[in-house]
Amino acid sequence: MESKTENLKKGQRAAFISVLVSLFLAIMKAVVGFFFNSQLLIADAVHSVADLMTHAASGFGLWIAAKGKTNKFPYGLYRAETLACMIVGILISLAGMNLFQEGLEKLFHLETVAAFPIFPIGASLISSVAGFVIAGMESSVGHAIGSQSLIASAKEAYMDIFTSLAVLLGILLAYFHIPYAEGAIIILISILLVKIGVENIWSALLIFLDANLDLELQSEIEEKVKEVNGVKGVDTVKIRQSGPFKMVECIISTRATLTLYKAHAVADKVEEMISQNYEEIESIFIHVEPNKANVLRVVIPVKDGVGLEDTVHKHFARAPYYLTVEIDGTHTPRMISCHVNPYLGKKEHIGVKTSHLVIDQGADLVFTANIGEISYHMLKSHMIDIFQATQGSTIEETVVSYYHEQLKPLAEPMHLIEESQIFKTISNDQDMTPSSSSSS
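Residues numbered from 1 in each chain as written. Predicted model: local features only at pLDDT ≥ 70, side-chain atom pairs only at ≥ 80, totals over all residues. Heavy atoms only, no water.

### A word on the side chain of S127
Then, number 1: Mapping S127 onto the fold places it in helix α4 (residues 118-145).
Then, number 2: Residues in contact with S127, not counting those within four places in the same chain, are L25, K29, D44, D160 and S164. (Helix = DSSP H or I, 4+ residues; strand = E, 2+ residues; numbered from the N terminus. Contact = heavy atoms within 4.5 Å.)

What follows is the structure in structure tokens.
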């Protein structure tokens, strides 16, 4: 939360620096325009005052947003920044309409200038350079912290560069007695200003109405959530903007047989994944529902690799084959795949390697006659429940026993690592055959 508050403070500093620069430019252009009788420069000074107001509104909104959460405002005051963004849009639109009127007046009215307007030209050039610097700073900080009002101010500042150049061009055209061009250029710029203002007003309205403005982020989060262990589906991801931050609500489904504690652990994993990958997300709410399909994927270590006619092998990690089936309450399993154990002849880390095979199959459950400590804890850490099956029983008999609640859920491994090592030493010569009796 400290980094988010610091980001808001960075935005405040950028906005208030812009206020000071805009104030200087407005005074400079007003003074030069008054003493050198340049109505166009005086009009540009008024436009700089509008810039000052937009920067001040942005800074004020970020200052309010940085106040954080209170008992009265448990979601924070982040939308004060969105309100400032709307005000910025209104001011930009008003400045554009005002500039449009001035353009109409200048379209058919050309002032005569006797001396070369060196000071008005210099003021316009200074205004253009300052506008470029301010626009770059606000755009950089605004995108870095996700501040919509700063981004809006930056867009207006970029337009102010062209406004100042148009004023410069108008001053030169007036000096050379060229009609129409000055007013036409000012009218074009005014239309662009109104467009930017209306876009920012509309954007703020959409935020206030909780519109989802980032469909790409929504899809990206959905895909990442599906990869979290224990998540069986993503029903909904909602994203709403609150000032410079985003709020996410997500409904996920998990296996219906998960305990409340395990379902909460899955939700915690999803929340941690989102918060670690997206700094702009300030609040995350995860709702967990049971998987409506109620189809479970089961991996069973088997002896012969002949499919559903196979029998349960006496060990997990040193079984010759792994059968993957789906069960849905009908007591009739549906075969998905049968894989050879490629690590059967290995002596080191076989429990880790074979556990990864099961995890990659997307297993919800494991039915096994025996399992060691390493394999047990790896599977449990991936939200896979383990049930003790009877060695030599058929796949159908094992599934029926599960639905009749005759399989014992294992709350701990059936032997420790030390016991596994001793057992492997005694029966090492038998590990290379399908009837291997060592375990991991």
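### What about helix α10 (residues 373-381)?
Then, number 1: Those residues of α10 that fall on the buried side of the exposure criterion are S375, Y376, M378 and L379.
Then, number 2: Tucked inside the fold, the buried residues of α10 contact α9 (350-360), β7 (365-368) and β8 (385-388).
Then, number 3: Looking one or two places after α10, you find M383, whose phi comes out positive at around 60°. (Buried < 20%, exposed > 50% of the residue type's maximum accessible area, 1.4 Å probe, protein only.)

### Details of the pairing of strand β6 (residues 334-340)
Then, number 1: Where strand β5 (residues 321-327) meets β6, six bridges bridge the pair, whose relative direction is antiparallel. By the bridge assignment for β6, L323 is matched with C338.
Then, number 2: Between β5 and β6, which follow one another and run antiparallel, lie six residues, and G329 among them has a positive phi close to 95°. (Pairing = 2+ DSSP bridges.)

### Focus: empty space enclosed by the protein
Then, number 1: Under the counting rule described, the total for this entry stands at two cavities of 30 Å³ or more.
Then, number 2: Of all elements in the fold, only α1 (2-35), α2 (39-65), α4 and α5 (148-175) reach the threshold of two or more residues within the lining of the largest cavity.
Then, number 3: Taken together, the residues that form the lining of the largest cavity break down as four nonpolar, four polar and two charged.
Then, number 4: As a volume, the second largest cavity reaches approximately 60 Å³.
Then, number 5: Every residue along the wall of the second largest cavity is listed here: L40, A43, D44, L99, E102, T163, A166, V167, I186 and I189.
Then, number 6: Within the residue set of the lining of the second largest cavity, elements represented by two or more residues are α2, α3 (79-107), α5 and α6 (181-208).
Then, number 7: In the lining of the second largest cavity, the residues fall into seven nonpolar, one polar and two charged. (1 Å grid on protein atoms, 1.4 Å probe; cavity = no way out; pocket = protein on both sides within 12 Å on 5 of 7 lines; lining within 4 Å. Points joined across faces, edges and corners; volume = space filled by probe spheres on them. Nonpolar A, V, L, I, M, F, W, Y, C, P; charged D, E, K, R; others polar.)

### Description of the sheet that holds strand β3 (residues 281-290)
Then, number 1: The three strands lie next to each other as β1-β2-β3, forming an open sheet whose pairing is mixed. The open sheet is flanked by β1 (231-242) and β3, the only strands paired with a single partner. Sheet twist, expressed as the average angle between the axes of neighbouring strands with direction ignored, equals 15°.
Then, number 2: Pairing analysis gives 10 bridges linking β1 to strand β2 (residues 245-254), with the strands arranged antiparallel. Each residue of the ladder has a partner; that of T236, found in β2, is I251.
Then, number 3: Sitting on the sheet, helix α7 (residues 215-226) touches β1, β2 and β3, and the angle it makes with β1 is about 150°.
Then, number 4: Strands in contact with helix α8 (residues 260-277) are β1, β2 and β3; relative to β3, the strand with the most contacts, it is inclined by about 150°. (Axes fitted to C-alpha atoms, helices over the stretch in contact; angles between N-to-C directions.)

### Side note on the pattern of salt bridges
Any two side chains of opposite charge can pair if their charged atoms end up close together.
Then, number 1: In the structure shown here, the tally under the stated rule is eight salt bridges.
Then, number 2: Residues joined by salt bridges that share partners form a network here, namely K262, K380 and D385. (Salt bridge = Lys/Arg side-chain N within 4 Å of Asp/Glu carboxyl O.)

### Section: the environment of L172
Then, number 1: Its location among the elements puts L172 in helix α5.
Then, number 2: For L172, a relative accessible area of 27% gives the class partly exposed.
Then, number 3: L172 sits 52 residues away from P120 along the chain, and the two C-alpha atoms are 9.8 Å apart.
Then, number 4: If we ignore the near neighbours within four places in the chain, the residues touching L172 are F116 and I121.

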